[in-house]
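Secondary and tertiary structure notes
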Amino acid sequence: GISQMPHAATTYAAVLSLCILATIGNNDNNDKEEHQQQPAFARETRQYLQDIRQPLLTWLISLREEEHTQSGVAIRMHHDGETDVRASYCVVTVAKLLGILNTQLTNGLSDYIV
């Protein structure tokens, strides 16, 4: 919301909710005609998820913390926030769901998690 800092946990919850809304009326079929029969809000939500992919990836990458970790690369919940496995889970899940998971985001992360 307005005047609130972006946070990995709320981003995770919001993206999961939007993914659910985007699939309403979809019978797990990639038939283009079927997608046109989805409710308008589902189609609009799918388009919104497409539109936010690149800006969201930029923000997710900015949450990487490379300087203050014993091993690997940690992920922060928000800028100047805590680093933990929970943050890594939220960020990686969002990136995977949106098809933007890449090595720029994940490189060194497994060493931190292990």
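Reference entry: report on the structure contained in this document. Since the structure is predicted, the reported quantities are computational estimates derived from the model, not experimental observations.

1. Focus on the nonpolar core
A general tendency of soluble globular proteins is for nonpolar side chains to be buried together. Core analysis: the biggest nonpolar cluster contains 23 residues, and L56, L60, V91, L98 and L105 have the highest contact counts within it. Listing elements by their share of this core, those giving two or more residues are helix 1 (8-22), helix 3 (40-62) and helix 4 (85-97). Sort the elements by how many residues they give to this core and helix 3 lands first, with seven residues. The contact partners of L105, leaving out residues within four places of it in the chain, are L57, L60, I61, R64, I75, V91 and A95.

2. Quick word on the environment of R46
Mapped onto the fold, R46 is located in helix 3. Between the alpha carbons of R46 and I20 there is a distance of 9.9 Å; along the sequence they are 26 residues apart.

3. Section: the side chain of H7
Within the secondary structure, H7 sits in the segment before helix 1. Within polar-contact distance, the side chain of H7 engages the backbone nitrogen of A9 at 3.1 Å. With residues near it in sequence (within four places) discarded, H7 still touches W59, M77 and H78.

4. Re the packing of helix 1 against helix 4
Relative orientation of the contacting elements helix 1 and helix 4 amounts to 30°, with a least axis distance of 9 Å. One finds that helix 1 runs roughly parallel with respect to helix 4. Regarding helix 1 and helix 4, the two cross each other, and that crossing is left-handed. Along its contact with helix 1, which presents A8, A9, T11, Y12, V15, L16 and C19, the element helix 4 presents Y89, C90, V91, T93, V94 and L97. Taken together, the residues of the contact of helix 1 with helix 4 sort by class into 11 nonpolar, two polar and no charged.

Here is what the cut-offs are and how they apply
- Residues numbered from 1 in each chain as written.
- Predicted model: local features only at pLDDT ≥ 70, side-chain atom pairs only at ≥ 80, totals over all residues.
- Heavy atoms only, no water.
- Core = buried A, V, L, I, M, F, W, Y, C linked by side-chain atoms within 4.5 Å.
- Buried < 20%, exposed > 50% of the residue type's maximum accessible area, 1.4 Å probe, protein only.
- Helix = DSSP H or I, 4+ residues; strand = E, 2+ residues; numbered from the N terminus.
- Contact = heavy atoms within 4.5 Å.
- Polar contact = N/O pair within 3.5 Å; in protein donor to acceptor, adjacent residues only side chain to side chain.
- Axes fitted to C-alpha atoms, helices over the stretch in contact; angles between N-to-C directions.
- Parallel < 35°, antiparallel > 145°, perpendicular 65-115°, else oblique.
- Left-handed = near helix turned anticlockwise from the far one by under 90°.
- Nonpolar A, V, L, I, M, F, W, Y, C, P; charged D, E, K, R; others polar.

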